[in-house]
Each structure stands twice: as C-alpha cells, then as structure tokens.
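A structural walkthrough
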Amino acid sequence: MPEDTKEATGRVIIRAVPVIYAGVIGHLTDHTVVSLILGLALSVGLDLAMGKHSIVRPMWRTCSVAGCPLIAAASRTVAKVMRMLGMHPPSSMRDMRCGVS
C-alpha cells in the first residue's frame, strides 16, 4: 500500500471511529444524542492534534473570527451583571477584545 494511502486511511479512521463507537454505545444505553456529541468532540480533538493535516483548524479560525465580537460583547455583559450582583468577575471577562492589539 502506498504511503499516501496509508496516511489518508489513518486520518479517516481517527476521525470516524470515535463517532461510530459513540453511536453504537449511545444506542445500546439509550443515550444516543449525548454519546454522539461526546464522540464528535473526541473526533474533533483528535483532528486538531493532527496539526497541519487538520480539517477542523481552518474552520475554527473562520468561526472564531466571525463569532469573536458576539462572544466579547456577551462576556462584557456577563461581567457587568456579575458586578451589579456584587461579584468580582475575572479581568479577562471585563476586558475581552477582538482583533489585533
């Protein structure tokens, strides 16, 4: 088997097997949705560990750039509510900003 084929097969196995096993275990325990979510999370984690061969990493960058302003605004709002309730929010919540600093 050529080296490229071995590597591609390994990548498919790493991405698919956790989701398949989670689906089977979830079906057997009547917690299919929860198991599939956990299997998908494990699959994404293993994919991110692949470095430059990761499929999720470029998608994560795109989503984080688009979603950062919303997350920053929500974080600052939660920090303000915490202060109104007399709690001390972490400075990272109060000062969250997006973009190049």
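Residues numbered from 1 in each chain as written. Predicted model: local features only at pLDDT ≥ 70, side-chain atom pairs only at ≥ 80, totals over all residues. Heavy atoms only, no water.

Summing up its helical and strand segments, the protein chain has four helices and zero strands in all. Each helix (α) and strand (β) of the protein chain, taken in turn from the N terminus, gives the series α-α-α-α. The globule rule puts the C-alpha radius of gyration for 101 residues at 13 Å, and the 20 Å found for the protein chain is more than 25% above it. Counting only C-alpha atoms, the protein chain reaches 60 × 40 × 20 Å along its principal axes. The buried share of the protein chain, taken over its 101 residues, is 19%. Per element, the accessible surface of the protein chain, about 7,800 Å² overall, is 71% carbon and sulfur. (Helix = DSSP H or I, 4+ residues; strand = E, 2+ residues; numbered from the N terminus. Rg over C-alpha atoms; globule rule 2.2 N^0.38 Å. Buried < 20%, exposed > 50% of the residue type's maximum accessible area, 1.4 Å probe, protein only. Areas by Shrake-Rupley, 256 points an atom, 1.4 Å probe, with all protein chains shown as cover.)

As enumerated under the stated definition, the model contains one disulfide in all. Paired through a disulfide, Cys68 and Cys98 show a sulfur-sulfur distance of 2.0 Å. Note on the Cys68 and Cys98 pair: the S-S dihedral is about -95 degrees, so by sign convention the disulfide is left-handed. Placement of the pair is Cys68 in helix H3 (residues 56–84) and Cys98 in the segment after helix H4 (91–94), with a sequence separation of 30 residues. For Cys68, a relative accessible area of 19% gives the class buried. On the basis of relative accessibility, which here comes to 33%, the residue Cys98 falls in the partly exposed class. (Disulfide = S-S within 2.5 Å.)

Another point: helix H2 (residues 32–48). For H2, with 17 residues, the first-to-last C-alpha span of 24 Å sits near the 24 Å given by 1.5 Å per residue. Considered for burial, the residues of H2 that qualify are Ser35, Gly39, Ser43 and Asp47. Each buried residue of H2 lies within a common arc of 110 degrees when the element is viewed along its axis, so the set occupies one face. Exposed positions of H2 whose direction lies more than 90 degrees from the buried face are Val33, Ile37 and Leu38. (Expected span 1.5 Å × (residues − 1). Arc of directions from axis to C-beta.)

Moving on, we get to unusual backbone geometry. One non-glycine residue, Asp30, lies in the positive phi region at around 60 degrees. When you line up the elements, Asp30 lands in the loop between helix H1 (3–29) and H2. Classification of Asp30 as exposed rests on a relative accessible area of 68%.

A separate point is the environment of Ala41. Summarising the element assignment, Ala41 is placed in helix H2. Each C-alpha atom of the pair Ala41 and Val19 lies 8.7 Å from the other, and the pair is 22 residues apart in sequence.

As a further point, take the confidence of the model for the protein chain. Of the residues in the protein chain, 97% reach a pLDDT of 70 or more, and the chain-wide mean stands at 85. Highest mean pLDDT in the protein chain belongs to H2 (88); lowest belongs to H4 (82). (pLDDT = per-residue confidence, 0-100.)

If you walk through the whole model with that rule in mind, you get two salt bridges. For the salt bridge of Glu7 with Arg11, the shortest nitrogen-to-oxygen distance reads 2.3 Å. With a gap of four residues between them, Glu7 and Arg11 both fall in helix H1, about one helical turn apart. Residue classification places Arg11 among the partly exposed residues on the basis of a relative accessible area of 24%. One salt bridge connects Asp47 with Arg15, and the closest N-O pair in it is separated by 2.4 Å. (Salt bridge = Lys/Arg side-chain N within 4 Å of Asp/Glu carboxyl O.)

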